[in-house]
Amino acid sequence: MDLQLSGRRALITGSSSGIGEAIARMLAQEGAIVVVHGRNRERAEKVAADIDAAGVAIGDLSTDEGATGVHMEAQHALGGSVEILVNNAGGSSTGNTSRTPLEIGVADWISNYHTNTLAAVRMVRLAVPDMVAAGFGRVIQVSSAVAIQPNNLGTDYSAAKAALNNFTVSLAGSLKGVGVTVNTVTPGVIMVDGLIRYARTKFGDPDMSVEEITQRLAEEKVFTLPPVGRLGIPQEVAMVACMLASPALGYVTGSNYRVDGGQVRSVV
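What counts as what
- Residues numbered from 1 in each chain as written.
- Predicted model: local features only at pLDDT ≥ 70, side-chain atom pairs only at ≥ 80, totals over all residues.
- Heavy atoms only, no water.
- Pairing = 2+ DSSP bridges.
- Helix = DSSP H or I, 4+ residues; strand = E, 2+ residues; numbered from the N terminus.
- Axes fitted to C-alpha atoms, helices over the stretch in contact; angles between N-to-C directions.
- Contact = heavy atoms within 4.5 Å.
- Expected span 1.5 Å × (residues − 1).
- Buried < 20%, exposed > 50% of the residue type's maximum accessible area, 1.4 Å probe, protein only.
- Arc of directions from axis to C-beta.

Caption draft 1: Quick peek at the sheet that holds strand E3 (residues 55-58). In spatial order, the strands read E3-E2-E1-E4-E5-E6-E7; together these seven strands make up an open sheet with parallel pairing. Among the strands making up the open sheet, the edge pair consists of E3 and strand E7 (256-259). Adjacent strand axes in the sheet meet at a mean angle of 20° when their direction is disregarded. Two strands pair when backbone bridges link them, and strand E4 (residues 84-87) and strand E5 (residues 137-142) are joined in this way by four bridges, in the parallel orientation. By the bridge assignment for E5, Leu85 is matched with Val139. Packing against the sheet, helix H2 (residues 41-51) makes contact with strand E2 (33-38) and E3, and its axis sits at approximately 160° to E3. Where helix H5 (residues 155-174) meets the sheet, it contacts E5, strand E6 (180-187) and E7, and its direction lies at approximately 155° from that of E6.

Caption draft 2: Expanded view of helix H3 (residues 64-78). A rise of 1.5 Å per residue sets the reference length of H3, with its 15 residues, at 21 Å; its end C-alpha atoms lie 21 Å apart and thus fit the reference within 8%. Buried within H3 we find Gly66, Ala67, Val70, His71, Ala74 and Leu78. Down the axis of H3, the buried set is contained in an arc of 135°. They therefore lie on one face. Along H3, exposed side chains directed more than 90 degrees from the buried face belong to Glu65, Met72 and His76. Phi turns positive, to about 75°, at Gly79, one or two residues after H3.

Here is the structure:
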């Protein structure tokens, strides 16, 4: 199937590793002109060289200045405005998702909101006006299953992702008839490099396979396996993101696509 992405200009935030990297790779394979974003230039440039990207944009999206710099770098590398914006950058800004709501300080709530919600808002405000002017654009927000089905831990992160989901619907509704769609992709537990490193360190086995990691983490009740019986891989999230980026899907907007193996027990 031709996704009609050849020559389309794309910026994928947080694409120097993990899910973002997988999305950048797949978009590049489909012929898109890609800019890799990250906060570590060496890692971003490594990915960019590997996928023959147009360039890199380095900066912290949790600040207005950082987001503006990233957008300017991306436009320069692309040789034009951003047509496909994938807001993937995020994650727990405190690195601690094991605290209850009453154990999380206000500063951490604010930090996670800046990292996971306002980072996307900033990039949308910078990129979408050009999409509207051109009559075409795709915004894809990468959220998390905990935005829909939160637990009692790490609620500063899950609440920030829930706000991102809400923002998607509001933004999509405001862009009527202008050729710009906005959708969310919601991964469950995905076997990214960071999770693999964590498990190998935790269990003291640097050669653990993905299958062994899945089994041990489930046994230790780090998570519950979803109905499909395994964890997802970044490429499965990337496949959905690339589909939503396609000009052929102009009738899909304001939607949330779960890539979670059935983790979220909901009919919506």
